[in-house]
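# Structural features, examined
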Amino acid sequence: MSYVSEQLEKLKAKNPNEPEFIQAATEVLTSLEPVFEANPKYQENAILERITEPERVIMFRVPWVDDNGKVQVNRGFRVQFNSAIGPYKGGLRLHPSVNLGVIKFLGFEQIFKNSLTGLPIGGGKGGSDFDPKGKSDNEVMAFCQSFMTELCKHIGADTDVPAGDIGTGAREIGYMFGQYKRIRNVYEGVLTGKGLNWGGSLARTEATGYGLLYLTEEMLKCNGKDINGATVCISGAGNVAIYATQKATELGAKVVTLSDSTGWVYDAEGIDLDAVKEIKEVKRGRLSEYKNYRPNAEYHEGKFDWSVKCDVALPCATQNELNADDAKRLIANGCYAVAEGANMPTTLEATKLIQEAGLLFAPGKAANAGGVATSALEMSQNSQRLSWTFEEVDAKLKNIMVNIFHNIDNAAKKYGYEGNYVVGANIAGFEKVADSMIAQGVC
Ligand SMILES: NC(=O)C1=CN([C@@H]2O[C@H](COP(=O)(O)OP(=O)(O)OC[C@H]3O[C@@H](n4cnc5c(N)ncnc54)[C@H](O)[C@@H]3O)[C@@H](O)[C@H]2O)C=CC1
Ligand SMILES: O=C(O)CCC(=O)C(=O)O
């Protein structure tokens, strides 16, 4: 058994109740086999043993009082995974499915993603099993204040800088920032995704979706295809999905689907984004309302099954939302590219099928890195006490995404895996972190 396989078996035995973390680690470690064979220094320095163990896990009680005066208790997490190349950086997920294994998978992915951006940010992630859906603003504020009352002891502008993720948007970041300032008495860039009046960056809201399209556009271009004129299926209807739809449409593509946790819409004439923004960003409603705006569109209850014919598929909702059966449908329908806007939306089996069928496949840690990259640009602006224009930030974002594509393409080629961007992303993200860990000694 190879050293890498042995480490993977040990990891599985050590973390038996964390399937998402094991899934993410399996993909990364398997990709790294050729790197470990060619570079004995990584094994000698026990890099795999160290990089798969978080530097710190913080798990805490989050008590708050609901609108009926009843005490509620949630569980909070922050996994500070790796600080070799910069302060921990990564979002906070608020969703009932959150547990330690989910946050560890997200934090682990974040190490390599953040490295790929070329910016000085380490990997971390956090969140809670709190569900903001159906809660009043007052209840969301009560939760966020309680959550930050503990979290504020462990973060800081040069230590760990959280941000949004599923369930954490501008409203939640605002409440958390207010509480941090109140307790710590410092005004600093401790969170990203802040409001524009109080330290936020222009284009951060759009960044993950826009970045996904910049990378997809480059990947298609380098493989003789064009986003202009393509039919695109997108899943999700949150921050990433909305701005991916916006940029895809701007680039001349037609987006025909979106989904949320209760159902999905198919609009053959192209998604009406104003309607979606109204439903999701203003009303915080369900996609079932879409038909009120577009009577000719179809609404289907349940999970989106990727059955709509498309050229390009962009899963932008959540982990493991694109399974083997979905992949078979995409392949049968002539789809030629999949790029992940969400974190790990494609199961390992589905990824294998997609790659074996010869479709282009851009993994999330590369394709959705535009969000965290722009967060790092927000941190730079906060440090400088300056604000850049939308055009400046957007131009930097585009440049970062194009560079990421070429770096992962080159890393894949270097190790004999041309066109395998999963392997390329894992290797390109890993080398910088691993070399920094070696330079910093055993820690
Ligand atoms: N917001 C950001 O900047 C970044 C987000 N991501 C990832 O993108 C994905 C989406 O995040 P956001 O758009 O920010 O979140 P969001 O909270 O704005 O939207 C999430 C969307 O996914 C849908 N969803 C959630 N669980 C689902 C389920 N079980 N089945 C079907 N749909 C489901 C929700 O209904 C919603 O439409 C997540 O995987 C997140 O980790 C990745 C990089 C950066
Ligand atoms: O902007 C950030 O720091 C959060 C980004 C994030 O959570 C992600 O890339 O999945």
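Residues numbered from 1 in each chain as written. Chains lettered and ligands numbered in written order. Predicted model: local features only at pLDDT ≥ 70, side-chain atom pairs only at ≥ 80, totals over all residues. Heavy atoms only, no water.

Looking at an unreviewed UniProt entry, one finds the protein chain named Glutamate dehydrogenase and attributed to Ruminococcus intestinalis. Quoted straight from UniProt, the Sequence similarities (unreviewed entry) entry for the protein chain says "Belongs to the Glu/Leu/Phe/Val dehydrogenases family." (UniProt positions renumbered as here; feature names shortened; annotations may be inferred.)

## With respect to the environment of P63
Counting through the fold element by element, P63 comes out in strand β1 (residues 56–65). For the pair formed by P63 and F390, sequence separation is 327 residues and the distance between their alpha carbons is 39 Å. Setting aside its immediate chain neighbours within four residues, P63 contacts Q72, V73 and S146. (Helix = DSSP H or I, 4+ residues; strand = E, 2+ residues; numbered from the N terminus. Contact = heavy atoms within 4.5 Å.)

## Remarks on the site of ligand 1
Around ligand 1 there are 23 residues in total, and D165, R204, T208, N239 and N343 lie nearest to it. The contact in question runs from an oxygen atom of ligand 1 to an N or O atom on the side chain of D165, over 2.6 Å. A distance of 2.9 Å separates an oxygen atom of ligand 1 from a polar side-chain atom of R204. Within the complex, 82% of the 820 Å² of free accessible area of ligand 1 lies under protein. At the level of elements, α9 (204–222) and α10 (239–250) are the ones that each hand at least two residues to the shell around ligand 1. Along the lines of polarity and charge, the residues of the shell around ligand 1 split into six nonpolar, twelve polar and five charged. (Near = heavy atom within 4 Å. Polar contact = N/O pair within 3.5 Å; in protein donor to acceptor, adjacent residues only side chain to side chain. Areas by Shrake-Rupley, 256 points an atom, 1.4 Å probe, with all protein chains shown as cover. Nonpolar A, V, L, I, M, F, W, Y, C, P; charged D, E, K, R; others polar.)

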